[in-house]
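Here is what each chain is made of, one letter per residue.
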Amino acid sequence: EVQLQASGGGLVQAGGSLRLSCTASGFTFDDYVIAWFRQVPGKGREGVSCISFPDGRTQNEDSVEGRFTISRDNARSTVYLQMNSLKPEDTAVYYCYAKYRFGTTLYWGQGTLVTVSS
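The rules behind the values
- Residues numbered from 1 in each chain as written.
- Predicted model: local features only at pLDDT ≥ 70, side-chain atom pairs only at ≥ 80, totals over all residues.
- Heavy atoms only, no water.
- Salt bridge = Lys/Arg side-chain N within 4 Å of Asp/Glu carboxyl O.
- Helix = DSSP H or I, 4+ residues; strand = E, 2+ residues; numbered from the N terminus.
- Buried < 20%, exposed > 50% of the residue type's maximum accessible area, 1.4 Å probe, protein only.
- Phe/Tyr/Trp six-rings, centres within 6.5 Å; stacked < 30°, edge-to-face > 60°.
- Pairing = 2+ DSSP bridges.
- Axes fitted to C-alpha atoms, helices over the stretch in contact; angles between N-to-C directions.

Chemist: Sorry, what's going on with the pattern of salt bridges here?
Modeler: Oppositely charged side chains can pair when the atoms bearing their charge come close. Using the criterion set out here, one finds five salt bridges in the structure. Among the ionic pairs, Asp90 bridges to Arg38, the shortest N-O distance being 3.0 Å. Of this pair, Asp90 sits in the loop between strand 8 (78-83) and strand 9 (92-100) while Arg38 sits in strand 4 (residues 32-39), and the two are 52 residues apart along the sequence. For Asp90, a relative accessible area of 0% gives the class buried. Its relative accessible area of 7% is what places Arg38 among the buried residues. What you see here is one network of salt bridges that share partners, running through Arg38, Glu46, Arg67 and Asp90.

Chemist: Any chance you could explain the packing of aromatic side chains here in plain terms?
Modeler: For any two aromatic rings, the description comes down to two numbers: the centre-to-centre distance and the angle of the planes. In total, this model carries nine aromatic pairs according to the counting rule given. Both rings, one in Phe27 and one in Tyr107, keep their centres 4.9 Å apart while their planes meet at 35°; by these two values the pair is tilted. Here Phe27 is found in the loop between strand 3 (18-25) and strand 4, whereas its partner Tyr107 is found in strand 10 (residues 106-117), with 80 residues between them in sequence. Ring centres of Tyr97 and Trp108 lie 4.7 Å apart, and the angle between their planes is 55°; this geometry places the pair in the tilted category. Taken together, the positions of Tyr97 in strand 9 and Trp108 in strand 10 put the pair eleven residues apart, joining distant regions of the chain. Here the aromatic cluster, defined as three or more aromatic residues joined through ring pairs, consists of Phe27, Tyr32, Tyr100, Phe102 and Tyr107.

Chemist: I tried to follow the sheet that holds strand 1 (residues 3-7) on my own but got confused; where do I start?
Modeler: Backbone hydrogen bonds are what pair the strands of a sheet, in a parallel or an antiparallel way. Strand order in this open sheet of four strands is 1-3-8-7, and the pairing throughout is antiparallel. In this open sheet, the two edge strands, each paired with only one partner strand, are strand 1 and strand 7 (68-73). Averaged over all neighbouring strand pairs, the angle between strand axes comes to 15°, with direction disregarded. By the bridge criterion, five bridges tie strand 1 to strand 3 in an arrangement that is antiparallel. Among the inter-strand pairings, Gln5 is bridged to a residue of strand 3, identified as Thr23.

Worth remembering: the numbers are spatial, not functional.
See below:
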């Protein structure tokens, strides 16, 4: 079965760091652009960061540029989101997302909650 298993969320004080992980199974990880989205109640999901393969290009939402770093380890079929200098406004449920590079297939993982206290 297709799975995107996210982990690493938790409670952290402002200025702290967390590393989210998303491990994929059941599909060809190398052929997918992987991204992190986040969502707060009452709002739609917001793209945070994404990374492609094999070029390894990354894109970050403006509010996280310089603070968050996305990376991928294809050997482990895992993508990471290193989140530094966290702010209360980063509080959200973070979702892993995979988009097939050569078509419309996409998958969503489960959310992992990140809470940043003041």
